[in-house]
Amino acid sequence: MIIAIDGPAGSGKSAAATELARLLGVTHLDTGAMYRAVALEAMKQGVTDQPAAVTALSQQVNIDFDFTSAPAAVLLNGCDVTSAIRLPEVTRVTYCAADNPEVRAELVKRQRLIAGRLASVVTEGRDQGTVAFPDAEFKFFIDARPEERARRRVHQLQLKGIAEPFERVLEDILIRDRRDRSRLVGPLKPAPDAIIIDSTEMDLSAVTETLAQLVRAEGQHR
Ligand code: DC
């Protein structure tokens, strides 16, 4: 069973996907981590502005998930980069991977391979219901107002000891929204058959419970 969850940055989809996977006892695949890992490697190699080099490295790097911890640890060429890929400076250059159609093709291929090895998966990103898994049994699109998403992101960063001003985080979110929604390949948009959930006024448990109820209700009808 594939449950695809898409949505913009800070919509709460990652936390909801993690929690839903835990509730259902299935694996959570964070596909944003794969774009971040490619961008981190591109940063290390100083090639973020060279699309051909980013494509080449995306085809060469090892990106593994250690699913024994939740959230899963992310391994880039065997090194644990779980925290490094979330640094704001990496977030800001992740477009060098996400906007590159060849990198997207490579990572979508890898996502399908990972999902193919798992009995069930909650997979989360921007194009999971539209491109990577158009035949997913469940498709959800989680959204929230940009100001609320920025507020949540500031809080998440604070918990990690990273102080970023609200205005800067909001600006970053609006820039990423524009990029995510306007990219030619794999843009952020709900699949025509996705269930759209606005989480602006919902906390994590409300979003997770809504998703779990929908999955369980549908399961009973199958
Ligand atoms: O979900 P996230 O913030 O960790 O994603 C990091 C970046 O990767 C974000 O700019 C959007 C991009 N991304 C994507 O283009 N397609 C995906 N399936 C997942 C993430």
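Bear in mind that the values here come from a model prediction, so they are computed numbers and not experimental data.

Asker: So what exactly am I meant to see when it comes to the overall build of the protein chain here?
Answerer: Across its full length, the protein chain carries ten helices and eight strands. C-alpha extents for the protein chain along the principal axes are approximately 50 × 40 × 35 Å. Out of the 222 residues in the protein chain, the part that is buried amounts to 49%. Taking as baseline every contact in the protein chain between residues at least 6 positions apart, the subset at least 24 positions apart corresponds to 73%. Carbon together with sulfur atoms contributes 54% to the accessible area of the protein chain, which is approximately 10,800 Å² in total.

Asker: Before we go on, may I ask you to explain the nonpolar core in this structure?
Answerer: General note: in soluble globular proteins, nonpolar side chains tend to be found buried as a group. Val38, Val54, Ile63, Phe65, Leu76, Ile85 and Leu107 are the most contacted members of the largest nonpolar core, which has 36 residues in total. Every element with two or more residues in this core is listed here: β1 (2–6), α2 (31–45), α3 (51–60), β3 (63–66), β4 (73–76), α4 (88–93), α5 (95–98) and α6 (101–117). Here this core gets eight residues from one element, more than from any other, and that element is α2. Formed by 15 residues, the second largest nonpolar core is a distinct cluster that contains Val122, Ile142, Val207 and Val215.

Asker: Whenever I open this one, the packing of aromatic side chains confuses me. Can you help?
Answerer: Pairs of aromatic rings are described using the distance from one ring centre to the other and the angle between the two planes. Per the counting criterion, the structure on display carries two aromatic pairs. Each ring, one from Phe65 and one from Phe67, has its centre 5.5 Å from the other, and the planes form 15 degrees; the classification is stacked. For Phe65, a relative accessible area of 14% translates into the label buried. Between Phe138 and Phe140 the ring centres are 6.4 Å apart and the planes differ by 10 degrees, which places this aromatic pair in the stacked class. Residue class for Phe140 comes out buried when judged on its relative accessible area of 1%. Looking at Arg179, its charged tip hangs above the ring of Tyr95, at a distance of 4.0 Å from the centre.

Asker: Where do I start with unusual backbone geometry in this structure?
Answerer: Leaving glycine out, the prevailing phi sign among residues is negative, and the prevailing peptide bond configuration is trans. The phi angle at Asn77 is positive, at roughly 50 degrees, despite the residue not being glycine. Here Asn77 shows up in the loop between β4 and β5 (79–80).

Asker: How do you make sense of the site of the ligand when you look at a structure like this?
Answerer: Taken together, 16 residues form the shell around the ligand, and within it Thr31, Arg36, Arg104, Arg126 and Asp127 come nearest. Separating an oxygen atom of the ligand from a side-chain N or O atom of Arg104 is a distance of 2.7 Å. Arg126 has a polar side-chain atom sitting 2.9 Å from an oxygen atom of the ligand. Surface burial for the ligand is 97%, taken as the share of its 450 Å² of free accessible area covered by protein chains. For the shell around the ligand, the secondary-structure elements that each account for two or more residues are α2 and α9 (166–182).

So, how was this worked out
Residues numbered from 1 in each chain as written. Predicted model: local features only at pLDDT ≥ 70, side-chain atom pairs only at ≥ 80, totals over all residues. Heavy atoms only, no water. Helix = DSSP H or I, 4+ residues; strand = E, 2+ residues; numbered from the N terminus. Buried < 20%, exposed > 50% of the residue type's maximum accessible area, 1.4 Å probe, protein only. Contact = heavy atoms within 4.5 Å. Areas by Shrake-Rupley, 256 points an atom, 1.4 Å probe, with all protein chains shown as cover. Core = buried A, V, L, I, M, F, W, Y, C linked by side-chain atoms within 4.5 Å. Phe/Tyr/Trp six-rings, centres within 6.5 Å; stacked < 30°, edge-to-face > 60°. Lys NZ or Arg CZ within 6 Å of the ring centre and 35° of its normal. Near = heavy atom within 4 Å. Polar contact = N/O pair within 3.5 Å; in protein donor to acceptor, adjacent residues only side chain to side chain.

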